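Secondary and tertiary structure notes
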Amino acid sequence: MARVCMVAYTHYRTDSRVRREAEALVDRDNLVDFICLGDDVNENPEYYDGVRLIKIPISRYRGSNAIMYIFSYLLFF
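Residues numbered from 1 in each chain as written. Predicted model: local features only at pLDDT ≥ 70, side-chain atom pairs only at ≥ 80, totals over all residues. Heavy atoms only, no water.

1. Observations concerning the overall build of the chain
Looking only at helices and strands, one finds two helices and four strands in the chain. In the chain, the succession of helices and strands from N to C terminus is β-α-β-β-β-α. With respect to the three principal axes, the spread of C-alpha positions in the chain is 40 × 25 × 20 Å. For the chain, the proportion of its 77 residues judged to be buried stands at 31%. (Helix = DSSP H or I, 4+ residues; strand = E, 2+ residues; numbered from the N terminus. Buried < 20%, exposed > 50% of the residue type's maximum accessible area, 1.4 Å probe, protein only.)

2. Some words on the nonpolar core
If you look at the biggest cluster of nonpolar residues, it comprises eleven residues: Met6, Ala8, Tyr12, Val18, Ala22, Val26, Val32, Phe34, Cys36, Val51 and Leu53. Beyond its immediate sequence surroundings of up to four residues, Phe34 is in contact with Met6, Ala8, Tyr12, Val18, Ala22, Val51, Arg52, Leu53 and Ile54. (Core = buried A, V, L, I, M, F, W, Y, C linked by side-chain atoms within 4.5 Å. Contact = heavy atoms within 4.5 Å.)

3. So, the packing of aromatic side chains
Per the counting criterion, the structure on display carries six aromatic pairs. Seen in terms of ring centroids, Tyr9 and Phe76 are 5.6 Å apart; in terms of plane orientation they differ by 75°. Their pairing is edge-to-face. Here Tyr9 is found in strand E1 (residues 3-11), whereas its partner Phe76 is found in helix H2 (residues 66-76), with 67 residues between them in sequence. Just as Tyr9 is buried, Phe76 falls in that class too. Grouped by ring-pair contacts, the aromatic residues Tyr9, Tyr69, Tyr73, Phe76 and Phe77 constitute a single cluster. (Phe/Tyr/Trp six-rings, centres within 6.5 Å; stacked < 30°, edge-to-face > 60°.)

Limitation: the analysis is restricted to geometry and does not speak to function.
Below, the structure is given as structure tokens:
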């Protein structure tokens, strides 16, 4: 059994791509911690289908300003 940490600048529940990857690792008996965006951080960490979610309380930047986009990524990390 391995312990895996995944990080993605996305909302876990709405991004099926990263959910499939994380849940496939759980199916292979790995412990998965997933660091992601989260607007509702009432339950932190939260468990979802065997994956431990650690939510960072910021919103995804959706504007067109490249500097703000980079700043949003830096703030997340």
